[in-house]
Amino acid sequence: MFFDRIEAAPADPILGLTDAFRKDPNPNKINLGVGVYKTEEGVTPVLDCVKAAEKKILDEETTKSYLPITGLPEFGEITRNMIFGEGSELANSGRAVTCHCPGGTGALRIGADFIKQQNVATTVWISDPTWANHYQIATNAGLKFERYPYYDRATHGLAFDRMMETLSQAKEGDVVLLHACCHNPTGIDPTVEQWEKIADFLATKKLLPFIDFAYQGFGHGLEEDAQGVRIIASRCKEMLIASSYSKNLGLYNERVGALTILCADKDTAQKVNSQLKIAVRTAISNPPAHGEKIVVSVLSDKDLRAKWESELTAMRERIRQMRVLLCEKLQEYGAGDFSFITEQNGMFSFSGLSKEQVEKLKTEHGIYIVGSGRICVAAITKANVDTLAKCIAKVVKAQ
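Each chain has its residues counted from 1, following the order in which its sequence is written. Predicted model: local features are reported for residues with pLDDT of at least 70 only, side-chain atom pairs are reported and counted for 80 or more only, and whole-chain, interface and lining totals are derived from all residues. Hydrogens and waters are ignored; side-chain quantities use all the structure's heavy atoms.

Turning our attention to the overall build of the protein. Helix and strand counts for the protein stand at 14 helices and 13 strands. Only the C-alpha atoms count toward the radius of gyration. The rule for a globule is 2.2 Å times the residue count to the power 0.38. Since a compact globule built from 399 residues should have a radius of gyration of about 21 Å, the 21 Å found for the protein is in line with a globular shape. Based on the C-alpha atoms only, the size of the protein along its principal axes is roughly 65 × 60 × 55 Å. Excluding contacts between residues fewer than 6 apart, the proportion of contacts in the protein whose partners are at least 24 apart in sequence is 74%. By the criteria applied, helices consist of DSSP H or I runs no shorter than four residues and strands consist of E runs no shorter than two, each listed in order from the N terminus. By definition, residues are in contact when any of their heavy atoms lie within 4.5 Å.

In structure tokens:
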């Protein structure tokens, strides 16, 4: 027998939570675990701009032949403009190369594979806490990882001094993984001043930045959310950026991500691109087309882009409204001061709830939250916020 010794893997902490939620008969159950945007009606929508783009693609498409290994050239150009700024020197100098990957996760993995295959580095520093998959991606690519502190439980803010002190232990040539905005799971981002200090430190220490840019537009805006990346790019001549269109275009199941590698000069970028093609070829052979064509269609059409930016603004503002409303309701029901939630950005909130409180919310009230206390704010609605706040207040006061 070949497989008889294989043991069942533990359930994914988020997907397993969703399975448990589905089986729960509680009619008032609430799932705040999975990180997808939902409308006030609890639906993850297809954006109007996406529907219009898909109709255009369907009407005009003449072939299902393969794309280039790294994706459409227009896709790469659009992505670099999103990251570095429309018409910016970095976007157009030839120093940066981009490949389409299956989602932001695929971009992280192909980036990690590239680092390992090309002997760029052996160790990557990852924030603690972070998106749990970061650790697995690094390990499975053959890289070692170290953790640096990020969250200050006492202040519910960024542990900046401890973060920088720990990163000072990194060796020249190590990789530092950073969240560009809307840090997952905490929702806490560095200030502009802190980004400048981080960038100067990375450049002085000769560390390689690897930026996870999954939520552009969900924090403060498309341009504002790119500030950290652009500040680092102004100090560091080389970096990797894994970006995603899953959230800001609602293309979750289309798996549209991109890996962009910034190099010191154009000649180096061409060499990097040749090796990047091999990394993509051995990992996925060829990128999927439909989602990429949607991105190109929406972002290259003036009217569709305007519609998209309007829809993205509406999503961002609804999440912000839910943050404020949840804080107000928690105060109203006597849970205490949760105002720090309004200082966080993006889809997630580190609620400060303990594992015991999270477990009570699940078993006693049918409210499903990741064990760390991370809440998907995008899943809160005006219809469920009262129930949520009352239940949180109960477990907090029972402590």
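Another point: the environment of valine 43. Here valine 43 shows up in the loop between β1 (30-31) and α2 (48-60). Exposure is judged per residue with a 1.4 Å probe applied to protein chains only, and the accessible area is read against the type maximum: over 50% gives exposed, under 20% gives buried, and values in between give partly exposed. Among the residues examined, valine 43 registers a relative accessible area of 46% and is labelled partly exposed. Taking the C-alpha atoms as reference, valine 43 lies 9.1 Å from alanine 379; in sequence the two are 336 residues apart. Sequence-distant contacts of valine 43, defined by excluding residues within four places in its chain, comprise Tyr37 and Lys38.

Moving on: unusual backbone geometry. The step from aspartate 128 to proline 129 runs through a cis peptide bond, and the omega angle for that step is 10°. With respect to the secondary-structure elements, proline 129 resides in the loop between β3 (123-128) and α6 (133-140). With an omega dihedral of 25°, the bond running from asparagine 184 to proline 185 counts as a cis peptide bond. Mapped onto the elements, proline 185 comes out in the loop between β7 (175-179) and α8 (192-205). A positive phi angle is found at cysteine 182, which is not glycine, with a value near 55°. Along the chain, cysteine 182 falls in the loop between β7 and α8. Not every positive phi belongs to a glycine, and serine 285 is a case in point at roughly 70°.

Our focus in this paragraph is the sheet that holds β7. Strand pairing is defined by DSSP finding a minimum of two bridges between the two strands. The strand order β2-β10-β9-β8-β7-β3-β4 describes an open sheet built from seven strands, whose pairing is mixed. The sheet is open, and its two borders are formed by β2 (96-102) and β4 (144-149), each paired with just one other strand. Strand-to-strand, the axes of this sheet are offset by a mean angle of 25°, without reference to chain direction. Where strand β8 (residues 208-213) lies against strand β9 (residues 239-244), four bridges are found, and the strand directions are parallel. Along β9, the bridge assignment pairs phenylalanine 213 with serine 243. All axes are obtained by fitting lines to C-alpha atoms, using only the stretch in contact for helices, and the reported angles, taken between N-to-C directions, cover 0 to 180 degrees. In the packing of α6 onto the sheet, contacts are made with β3, β4, β7 and β8, and the angle to β3 comes to roughly 170°.

For the rest of this paragraph, the subject is the packing of aromatic side chains. Two rings from Phe, Tyr or Trp (for Trp, the six-membered ring) form a pair when their centres are within 6.5 Å of each other. A pair whose planes differ by under 30 degrees is stacked, one over 60 is edge-to-face, and the rest are tilted. One pass over the structure, following the stated rule, counts seven aromatic pairs. Seen in terms of ring centroids, tyrosine 37 and phenylalanine 218 are 6.5 Å apart; in terms of plane orientation they differ by 70°. Their pairing is edge-to-face. Taken together, the residues tyrosine 37 in the loop between β1 and α2 and phenylalanine 218 in the loop between β8 and α9 (227-235) connect sequence positions 181 residues apart. Residues tyrosine 37 and phenylalanine 218 agree in their burial class; the two are buried. Here the aromatic rings of tyrosine 135 and phenylalanine 145 are separated by 4.9 Å at their centres, their planes lie at 35°, and the arrangement is tilted. Residue tyrosine 135 is located in helix α6, and its partner phenylalanine 145 is located in strand β4; the two are separated by ten residues in the primary sequence. Under the relative-accessibility criterion, tyrosine 135 is labelled buried at 13%. In this structure phenylalanine 145 comes out as partly exposed when scored by relative accessible area, which is 27%. Remark: a charge is flagged as sitting over a ring if the NZ atom of Lys or the CZ atom of Arg is within 6 Å of the ring centre and within 35 degrees of the ring normal. Taking the ring centre of tyrosine 135 as reference, the NZ or CZ of arginine 147 above it sits at 4.4 Å. Taking the ring centre of phenylalanine 348 as reference, the NZ or CZ of arginine 374 above it sits at 3.8 Å.

Here the focus is the environment of alanine 335. With respect to the helices and strands, the residue alanine 335 is situated in the loop between α12 (302-332) and β11 (348-350). Counting along the chain gives 251 residues from alanine 335 to phenylalanine 84, while the straight-line C-alpha distance between them is 42 Å. Setting aside chain neighbours within four positions, we find alanine 335 in contact with Leu330, Ala393 and Val396.

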